[in-house]
Amino acid sequence: MKYVVANWKAYVTDSETAKELADAVSRTKKRRDVAVVLCPPFLFVPALAGKRTSYALGAQDVFWKTSGPYTGEITADMLKKLGVTHVIVGHSERRHHLGETDDIVHQKLEAVLSLGLKAVLCVGEKERQDPRAIPALVGEQVKKAFNGIAKQDAERVIVAYEPVWAIGTGMPDTPDDALSAALYIRKILADIYDTRTAGKVAVLYGGSVDVANVADFVSQDGVDGVLVGKASTIKKSFVDILKRLA
Ligand code: PGA
(Lines give C-alpha, C1' and ligand atoms only; values in the text may rest on other atoms or scores of the structure.)
Protein backbone atom coordinates (compact mmCIF):
# COMPACT_ATOMS: atom_id res chain seq x y z
CA MET A 1 0.00 0.00 0.00
CA LYS A 2 1.24 3.49 -0.89
CA TYR A 3 -0.10 6.57 0.87
CA VAL A 4 -0.69 10.11 -0.31
CA VAL A 5 -1.47 12.35 2.66
CA ALA A 6 -2.66 15.81 1.64
CA ASN A 7 -2.00 18.48 4.26
CA TRP A 8 -3.97 21.52 3.21
CA LYS A 9 -2.62 23.60 6.11
CA ALA A 10 -4.31 27.02 6.09
CA TYR A 11 -4.04 27.31 2.31
CA VAL A 12 -7.65 26.21 1.85
CA THR A 13 -9.80 28.90 3.40
CA ASP A 14 -13.40 27.97 2.58
CA SER A 15 -15.47 24.83 2.48
CA GLU A 16 -16.38 25.23 -1.22
CA THR A 17 -12.73 24.97 -2.21
CA ALA A 18 -12.29 22.02 0.15
CA LYS A 19 -15.25 20.26 -1.46
CA GLU A 20 -14.01 21.01 -4.99
CA LEU A 21 -10.61 19.53 -4.20
CA ALA A 22 -12.18 16.45 -2.61
CA ASP A 23 -14.51 15.97 -5.58
CA ALA A 24 -11.57 16.19 -7.97
CA VAL A 25 -9.80 13.50 -5.94
CA SER A 26 -12.91 11.30 -6.11
CA ARG A 27 -13.08 11.66 -9.89
CA THR A 28 -9.42 10.76 -10.38
CA LYS A 29 -8.81 7.13 -11.11
CA LYS A 30 -6.26 5.63 -8.78
CA ARG A 31 -4.74 2.27 -8.19
CA ARG A 32 -6.44 0.22 -5.51
CA ASP A 33 -3.25 0.05 -3.52
CA VAL A 34 -2.96 3.84 -3.23
CA ALA A 35 -4.63 5.31 -0.14
CA VAL A 36 -5.38 9.04 -0.19
CA VAL A 37 -5.87 10.87 3.10
CA LEU A 38 -7.25 14.41 2.90
CA CYS A 39 -6.45 16.68 5.86
CA PRO A 40 -8.47 19.89 5.59
CA PRO A 41 -8.52 22.60 8.27
CA PHE A 42 -10.76 21.49 11.18
CA LEU A 43 -13.65 23.72 10.10
CA PHE A 44 -14.02 21.98 6.76
CA VAL A 45 -13.90 18.42 8.08
CA PRO A 46 -17.72 18.17 8.19
CA ALA A 47 -17.97 19.31 4.55
CA LEU A 48 -15.85 16.33 3.49
CA ALA A 49 -17.29 13.80 5.89
CA GLY A 50 -19.66 11.20 4.56
CA LYS A 51 -18.77 11.97 0.94
CA ARG A 52 -15.63 9.99 0.95
CA THR A 53 -15.62 6.89 -1.10
CA SER A 54 -12.16 7.21 -2.48
CA TYR A 55 -10.28 8.98 0.29
CA ALA A 56 -9.89 8.82 4.02
CA LEU A 57 -10.54 11.87 6.16
CA GLY A 58 -7.72 13.28 8.24
CA ALA A 59 -7.15 16.20 10.59
CA GLN A 60 -4.06 18.40 10.82
CA ASP A 61 -3.79 18.43 14.60
CA VAL A 62 -5.53 17.39 17.81
CA PHE A 63 -5.51 18.22 21.50
CA TRP A 64 -3.79 15.77 23.84
CA LYS A 65 -6.71 15.29 26.26
CA THR A 66 -9.86 13.56 25.11
CA SER A 67 -12.33 15.91 26.88
CA GLY A 68 -12.51 18.45 29.70
CA PRO A 69 -12.02 22.14 30.51
CA TYR A 70 -9.79 23.05 27.54
CA THR A 71 -11.17 26.16 25.88
CA GLY A 72 -10.87 26.21 22.13
CA GLU A 73 -9.37 22.76 21.74
CA ILE A 74 -10.42 20.00 19.34
CA THR A 75 -10.21 16.49 20.77
CA ALA A 76 -9.64 13.15 19.09
CA ASP A 77 -13.09 12.11 20.26
CA MET A 78 -14.74 15.01 18.41
CA LEU A 79 -12.78 14.16 15.28
CA LYS A 80 -13.66 10.50 15.46
CA LYS A 81 -17.37 11.33 15.74
CA LEU A 82 -17.08 13.32 12.50
CA GLY A 83 -15.60 10.36 10.66
CA VAL A 84 -11.94 11.33 10.86
CA THR A 85 -9.68 8.28 10.70
CA HIS A 86 -6.20 9.85 10.52
CA VAL A 87 -4.64 12.69 12.51
CA ILE A 88 -1.37 14.48 11.75
CA VAL A 89 0.70 14.84 14.90
CA GLY A 90 3.89 16.85 15.40
CA HIS A 91 4.02 18.73 12.13
CA SER A 92 7.12 20.93 12.12
CA GLU A 93 5.06 24.07 11.61
CA ARG A 94 3.42 23.34 14.97
CA ARG A 95 6.70 22.32 16.59
CA HIS A 96 8.45 25.50 15.45
CA HIS A 97 5.75 28.18 15.29
CA LEU A 98 3.56 26.98 18.15
CA GLY A 99 6.12 25.55 20.55
CA GLU A 100 5.06 21.91 20.41
CA THR A 101 7.59 19.89 22.32
CA ASP A 102 8.44 16.21 21.91
CA ASP A 103 6.44 15.60 25.07
CA ILE A 104 3.32 17.29 23.65
CA VAL A 105 3.74 15.34 20.43
CA HIS A 106 3.96 12.13 22.44
CA GLN A 107 0.78 12.95 24.38
CA LYS A 108 -1.07 13.78 21.17
CA LEU A 109 0.04 10.48 19.68
CA GLU A 110 -1.29 8.67 22.73
CA ALA A 111 -4.62 10.50 22.54
CA VAL A 112 -5.09 9.60 18.87
CA LEU A 113 -4.15 5.95 19.34
CA SER A 114 -6.22 5.55 22.50
CA LEU A 115 -9.34 6.22 20.42
CA GLY A 116 -8.40 3.70 17.78
CA LEU A 117 -7.49 6.34 15.17
CA LYS A 118 -4.42 6.33 12.96
CA ALA A 119 -1.70 8.92 13.46
CA VAL A 120 0.57 10.53 10.89
CA LEU A 121 3.60 11.40 13.01
CA CYS A 122 5.88 14.02 11.45
CA VAL A 123 9.58 14.10 12.23
CA GLY A 124 12.48 15.88 10.58
CA GLU A 125 15.54 17.99 11.18
CA LYS A 126 15.72 21.77 10.75
CA GLU A 127 19.08 21.67 9.04
CA ARG A 128 21.31 18.96 7.74
CA GLN A 129 25.00 19.59 8.45
CA ASP A 130 26.32 16.49 6.74
CA PRO A 131 24.30 15.95 3.57
CA ARG A 132 24.94 12.21 3.71
CA ALA A 133 23.94 11.59 7.30
CA ILE A 134 20.37 11.60 8.61
CA PRO A 135 20.66 13.55 11.86
CA ALA A 136 20.33 11.64 15.13
CA LEU A 137 17.65 14.18 16.11
CA VAL A 138 15.22 12.38 13.81
CA GLY A 139 15.79 9.17 15.75
CA GLU A 140 15.31 11.04 19.03
CA GLN A 141 12.00 12.48 17.83
CA VAL A 142 10.82 8.98 16.91
CA LYS A 143 11.94 7.49 20.24
CA LYS A 144 10.29 10.22 22.29
CA ALA A 145 7.03 10.05 20.36
CA PHE A 146 6.73 6.25 20.67
CA ASN A 147 7.90 6.13 24.28
CA GLY A 148 5.64 3.68 26.13
CA ILE A 149 3.28 3.17 23.18
CA ALA A 150 2.19 -0.47 22.99
CA LYS A 151 3.22 -2.54 20.03
CA GLN A 152 -0.30 -3.10 18.73
CA ASP A 153 -0.95 0.67 18.84
CA ALA A 154 2.35 1.50 17.15
CA GLU A 155 1.18 -0.40 14.08
CA ARG A 156 -1.45 2.31 13.57
CA VAL A 157 1.16 5.02 13.16
CA ILE A 158 2.36 6.32 9.82
CA VAL A 159 5.64 8.19 10.18
CA ALA A 160 6.29 11.06 7.78
CA TYR A 161 9.94 12.05 7.40
CA GLU A 162 9.77 15.75 6.62
CA PRO A 163 13.07 17.61 6.69
CA VAL A 164 12.09 21.14 7.69
CA TRP A 165 14.43 22.72 5.17
CA ALA A 166 12.55 20.96 2.37
CA ILE A 167 9.05 22.04 3.42
CA GLY A 168 7.55 24.76 1.25
CA THR A 169 10.93 25.68 -0.21
CA GLY A 170 10.75 23.99 -3.59
CA MET A 171 13.95 22.16 -2.58
CA PRO A 172 12.97 18.56 -1.86
CA ASP A 173 15.31 16.00 -0.39
CA THR A 174 16.79 13.55 -2.88
CA PRO A 175 14.88 10.27 -3.26
CA ASP A 176 18.03 8.43 -2.09
CA ASP A 177 18.29 10.42 1.12
CA ALA A 178 14.56 10.12 1.74
CA LEU A 179 14.99 6.36 1.43
CA SER A 180 17.96 6.40 3.84
CA ALA A 181 15.85 8.35 6.34
CA ALA A 182 12.97 5.90 5.98
CA LEU A 183 15.31 2.94 6.56
CA TYR A 184 16.85 4.69 9.57
CA ILE A 185 13.41 5.35 11.07
CA ARG A 186 12.41 1.75 10.53
CA LYS A 187 15.61 0.57 12.21
CA ILE A 188 14.83 2.72 15.26
CA LEU A 189 11.34 1.20 15.37
CA ALA A 190 12.78 -2.30 15.09
CA ASP A 191 15.05 -1.47 18.06
CA ILE A 192 12.09 -0.22 20.12
CA TYR A 193 9.71 -3.04 19.11
CA ASP A 194 10.78 -5.71 16.63
CA THR A 195 11.25 -6.06 12.88
CA ARG A 196 7.72 -7.29 12.32
CA THR A 197 6.19 -4.25 14.02
CA ALA A 198 8.64 -1.89 12.29
CA GLY A 199 7.60 -3.44 8.99
CA LYS A 200 3.95 -2.62 9.67
CA VAL A 201 4.60 1.09 10.23
CA ALA A 202 4.37 3.00 6.97
CA VAL A 203 7.12 5.59 6.47
CA LEU A 204 6.46 8.48 4.09
CA TYR A 205 8.48 11.36 2.73
CA GLY A 206 7.24 14.97 2.79
CA GLY A 207 8.72 18.32 1.73
CA SER A 208 8.18 20.04 -1.64
CA VAL A 209 6.65 16.96 -3.25
CA ASP A 210 5.17 17.88 -6.63
CA VAL A 211 4.10 16.32 -9.89
CA ALA A 212 7.67 16.25 -11.21
CA ASN A 213 9.18 14.34 -8.29
CA VAL A 214 6.37 12.30 -6.70
CA ALA A 215 7.06 9.16 -8.72
CA ASP A 216 10.74 9.19 -7.74
CA PHE A 217 9.84 9.05 -4.06
CA VAL A 218 6.95 6.64 -4.25
CA SER A 219 8.65 4.17 -6.58
CA GLN A 220 11.16 3.23 -3.87
CA ASP A 221 10.31 0.08 -1.97
CA GLY A 222 11.27 1.45 1.45
CA VAL A 223 9.22 4.65 1.06
CA ASP A 224 5.51 3.99 1.57
CA GLY A 225 4.24 7.22 0.10
CA VAL A 226 4.28 10.99 0.41
CA LEU A 227 2.87 13.81 2.47
CA VAL A 228 2.03 16.69 0.14
CA GLY A 229 1.39 20.25 1.31
CA LYS A 230 1.06 23.15 -1.11
CA ALA A 231 0.82 21.02 -4.27
CA SER A 232 -2.19 19.19 -2.83
CA THR A 233 -4.14 22.46 -2.55
CA ILE A 234 -3.98 23.26 -6.27
CA LYS A 235 -6.57 21.13 -8.05
CA LYS A 236 -4.68 20.45 -11.26
CA SER A 237 -1.40 19.73 -9.56
CA PHE A 238 -2.96 17.35 -7.03
CA VAL A 239 -4.90 15.48 -9.69
CA ASP A 240 -1.70 15.17 -11.74
CA ILE A 241 0.16 13.88 -8.70
CA LEU A 242 -2.47 11.19 -8.20
CA LYS A 243 -2.35 10.30 -11.90
CA ARG A 244 1.40 9.75 -11.63
CA LEU A 245 0.62 6.96 -9.20
CA ALA A 246 -2.11 5.45 -11.34
P1 PGA B 1 5.00 21.19 1.15
O2 PGA B 1 4.60 20.82 2.64
O3 PGA B 1 4.60 20.03 0.29
O4 PGA B 1 4.25 22.44 0.84
O5 PGA B 1 6.50 21.39 1.15
C6 PGA B 1 4.75 19.53 3.15
C7 PGA B 1 4.32 19.54 4.59
O8 PGA B 1 4.66 20.42 5.33
O9 PGA B 1 3.58 18.68 5.03
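Up top is the structure.
Caption draft 1: Up close: the nonpolar core. Among the nonpolar cores identified, the biggest contains 67 residues, and Leu38, Leu48, Val87, Leu121, Phe146, Ile185 and Phe238 are the most heavily contacted of them. Ignoring any residue separated from it by four or fewer positions in sequence, one finds leucine 38 in contact with Ala6, Trp8, Ala22, Val25, Leu48, Tyr55, Ala56, Leu57, Gly58 and Phe238. By size, the runner-up hydrophobic cluster in this structure holds 13 residues, among which are Tyr3, Ile88, Ala160 and Ala202.

Caption draft 2: Up close: the sheet that holds strand E1 (residues 2-7). Strand order in this closed barrel of eight strands is E1-E2-E3-E4-E5-E6-E7-E8, and the pairing throughout is parallel. Within this sheet the neighbouring strands show an average axis-to-axis angle of 25°, counted without direction. Sheet topology note: the strand E2 (residues 34-39)/strand E3 (residues 56-59) ladder contains two bridges and is parallel. Paired with leucine 38 across the two strands is leucine 57, which belongs to E3. Here helix H8 (residues 175-192) sits on the sheet in contact with strand E5 (118-123), strand E6 (157-161) and strand E7 (202-206), set at roughly 145° to E7.

Caption draft 3: Structural view of the site of the ligand. Around the ligand there are 13 residues in total, and Lys9, His91, Gly168, Ser208 and Gly229 lie nearest to it. Interatomic distance of 2.9 Å between a side-chain N/O atom of glutamate 162 and an oxygen atom of the ligand. Measuring from an oxygen atom of the ligand, one finds a backbone N or O atom of serine 208 at 2.8 Å. With the chains in place, 98% of the 290 Å² that the ligand exposes on its own is no longer accessible. For the shell around the ligand, the residue count by class is four nonpolar, six polar and three charged.

Caption draft 4: Expanded view of the packing of helix H5 (residues 102-114) against helix H6 (residues 136-146). Look at H5 against H6: their axes get within 8 Å of each other, and the N-to-C directions meet at 45°. Taken together, H5 and H6 sit at an angle that is classed as oblique. Our pair here, H5 against H6, has a crossing hand that is right-handed. Judged by residue contacts, Asp102, His106 and Leu109 of H5 engage Gln141, Lys144, Ala145 and Phe146 from H6. When the residues that make up the contact of H5 with H6 are grouped by side-chain class, the tally is three nonpolar, two polar and two charged.

Caption draft 5: Broad picture of H5. Spanning 13 residues, H5 covers 18 Å between terminal C-alpha atoms, matching the ideal 18 Å at 1.5 Å per step. Residues of H5 that are buried: Ile104, Val105, His106, Lys108, Leu109, Ala111, Val112 and Leu113.

Caption draft 6: Focus on the environment of alanine 18. Within the secondary structure, alanine 18 sits in helix H1 (residues 15-27). Taking the C-alpha atoms as reference points, alanine 18 and cysteine 39, separated by 21 residues in sequence, lie 9.8 Å from one another.

Caption draft 7: Quick look at the packing of H1 against helix H11 (residues 235-244). H11 packs onto H1 with a crossing angle of 25° between their chain directions and a minimal axis gap of 10 Å. Taken together, H1 and H11 sit at an angle that is classed as roughly parallel. The handedness of the crossing between H1 and H11 comes out as right-handed. Seen from H1, the contacting residues are Glu20, Leu21, Ala24 and Val25; seen from H11, they are Lys235, Phe238, Val239 and Leu242. Taken together, the residues of the contact of H1 with H11 sort by class into six nonpolar, no polar and two charged.

Thresholds, definitions, all that
- Residues numbered from 1 in each chain as written.
- Predicted model: local features only at pLDDT ≥ 70, side-chain atom pairs only at ≥ 80, totals over all residues.
- Heavy atoms only, no water.
- Core = buried A, V, L, I, M, F, W, Y, C linked by side-chain atoms within 4.5 Å.
- Buried < 20%, exposed > 50% of the residue type's maximum accessible area, 1.4 Å probe, protein only.
- Contact = heavy atoms within 4.5 Å.
- Pairing = 2+ DSSP bridges.
- Helix = DSSP H or I, 4+ residues; strand = E, 2+ residues; numbered from the N terminus.
- Axes fitted to C-alpha atoms, helices over the stretch in contact; angles between N-to-C directions.
- Near = heavy atom within 4 Å.
- Polar contact = N/O pair within 3.5 Å; in protein donor to acceptor, adjacent residues only side chain to side chain.
- Areas by Shrake-Rupley, 256 points an atom, 1.4 Å probe, with all protein chains shown as cover.
- Nonpolar A, V, L, I, M, F, W, Y, C, P; charged D, E, K, R; others polar.
- Parallel < 35°, antiparallel > 145°, perpendicular 65-115°, else oblique.
- Left-handed = near helix turned anticlockwise from the far one by under 90°.
- Expected span 1.5 Å × (residues − 1).

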